[in-house]
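# Summary of structural features
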Amino acid sequence: MTARSRRSWTAADYDSEQILLELGHRDAAAHVTRVRRALRTLRRPKPRPQRPVIDWDAARRAADAVTRGDLDEATRIVDATDCPRDTAFAAFRFIDPVDVLDAA
């Protein structure tokens, strides 16, 4: 093992190498380096999934269509967006239950 590969070693790494050598491990330095590399890959944070972009104007228009009772138009408006499920769910913020009951 070269000195370059041990540049970032901690005291615990040297202790681990010494223990492995005492136990008869043939290439203790390489083993410690492999373990450090494996731990580094495990500690890497996983990328967060991107949050969906909600088309709030489409959600408002869909809510207005639902309030008027035109569910086909509301479905067309929502389906035309990039994220139909989230836009439809966002439309519930703009639906007034009193207005819907009055329209029925």
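Let me sum up the structure you'll find in this document. (Residues numbered from 1 in each chain as written. Predicted model: local features only at pLDDT ≥ 70, side-chain atom pairs only at ≥ 80, totals over all residues. Heavy atoms only, no water.)

Summing up its helical and strand segments, the protein chain has six helices and zero strands in all. Secondary structure elements of the protein chain occur, N-terminal to C-terminal, as α-α-α-α-α-α. Evaluated residue by residue, the protein chain yields a buried proportion of 22% over its 104 residues. Within the protein chain, residue pairs in contact and separated by at least 24 positions form 52% of the contacts whose partners lie at least 6 positions apart. As presented, the protein chain carries roughly 8500 Å² of accessible surface, and 54% of it is formed by carbon and sulfur atoms. (Helix = DSSP H or I, 4+ residues; strand = E, 2+ residues; numbered from the N terminus. Buried < 20%, exposed > 50% of the residue type's maximum accessible area, 1.4 Å probe, protein only. Contact = heavy atoms within 4.5 Å. Areas by Shrake-Rupley, 256 points an atom, 1.4 Å probe, with all protein chains shown as cover.)

Here the focus is the nonpolar core. Membership of the largest hydrophobic core is limited to 10 residues, which are Ala 58, Ala 59, Ala 62, Ala 63, Ala 65, Ala 74, Ile 77, Val 78, Ala 90 and Ala 91. For this core, the element with the highest residue contribution is helix 3 (residues 56-68), accounting for five residues. Apart from residues no more than four positions distant in its own chain, Ala 74 is found in contact with Ala 62, Ala 65 and Val 66. Counting five residues, the second-largest nonpolar core is a separate cluster that includes Trp 9, Ala 28, Ala 29 and Val 32. (Core = buried A, V, L, I, M, F, W, Y, C linked by side-chain atoms within 4.5 Å.)

Moving on: helix 5 (residues 84-91). Considered for burial, the residues of helix 5 that qualify are Thr 87, Ala 90 and Ala 91. Each buried residue of helix 5 lies within a common arc of 105 degrees when the element is viewed along its axis, so the set occupies one face. Away from its buried face, by an angle of more than 90 degrees, helix 5 presents the exposed residues Arg 85 and Phe 89. On its buried face, helix 5 sits against helix 3. (Arc of directions from axis to C-beta.)

Geometrically, a pair of aromatic rings is defined through the distance of the ring centres and the angle of the planes. Here the structure, examined in full by the defined rule, presents two aromatic pairs. Considering the side-chain rings of Trp 56 and Phe 94, the 6.1 Å spacing of their centres and the 85 degrees angle between planes classify their relative orientation as edge-to-face. Taken as a pair, Trp 56 in helix 3 and Phe 94 in the loop between helix 5 and helix 6 (97-103) lie far apart in primary sequence, 38 residues in all. (Phe/Tyr/Trp six-rings, centres within 6.5 Å; stacked < 30°, edge-to-face > 60°.)

Here we take up a nonpolar patch on the surface. Residues Val 35, Leu 39 and Leu 42 make up a contiguous nonpolar surface patch of roughly 280 Å² in combined accessible area. Mapped onto the elements, Val 35 comes out in helix 2 (residues 28-43). By relative accessible area, Val 35 is classed as partly exposed at 38%. (Patch = residues over 30% accessible without salt bridge, like charges linked within 9 Å, V, L, I, M, F, W, Y side chains within 5 Å. Salt bridge = Lys/Arg side-chain N within 4 Å of Asp/Glu carboxyl O.)

For the rest of this paragraph, the subject is the environment of Asp 55. By the secondary structure assignment, Asp 55 is in the loop between helix 2 and helix 3. In this view, Asp 55 contacts Thr 81 and Thr 87; residues no more than four positions away in its chain are not counted.

Next up on the list: a positive patch on the surface. A cluster of basic side chains, namely Arg 34, Arg 37, Arg 40, Arg 43 and Arg 44, defines a positive patch on the protein surface. As for its placement among the helices and strands, Arg 43 is situated in helix 2. (Lys, Arg positive; Asp, Glu negative; His and termini not counted. Charge placed at Lys NZ, Arg CZ, Asp CG, Glu CD.)

So, on to the packing of helix 1 (residues 11-22) against helix 2. Contact pair helix 1 / helix 2: the axes reach a minimum separation of 9 Å and the direction vectors enclose 135 degrees. Between helix 1 and helix 2, the interaxial angle falls into the category oblique. The two elements helix 1 and helix 2 meet at a crossing, and its hand is right-handed. Contacts from Asp 13, Ser 16, Glu 17, Leu 20 and Leu 21 of helix 1 reach helix 2 at Ala 28, Ala 29, His 31, Val 32 and Arg 36. Of the residues belonging to the contact of helix 1 with helix 2, the class tally is five nonpolar, two polar and three charged. (Axes fitted to C-alpha atoms, helices over the stretch in contact; angles between N-to-C directions. Parallel < 35°, antiparallel > 145°, perpendicular 65-115°, else oblique. Left-handed = near helix turned anticlockwise from the far one by under 90°. Nonpolar A, V, L, I, M, F, W, Y, C, P; charged D, E, K, R; others polar.)

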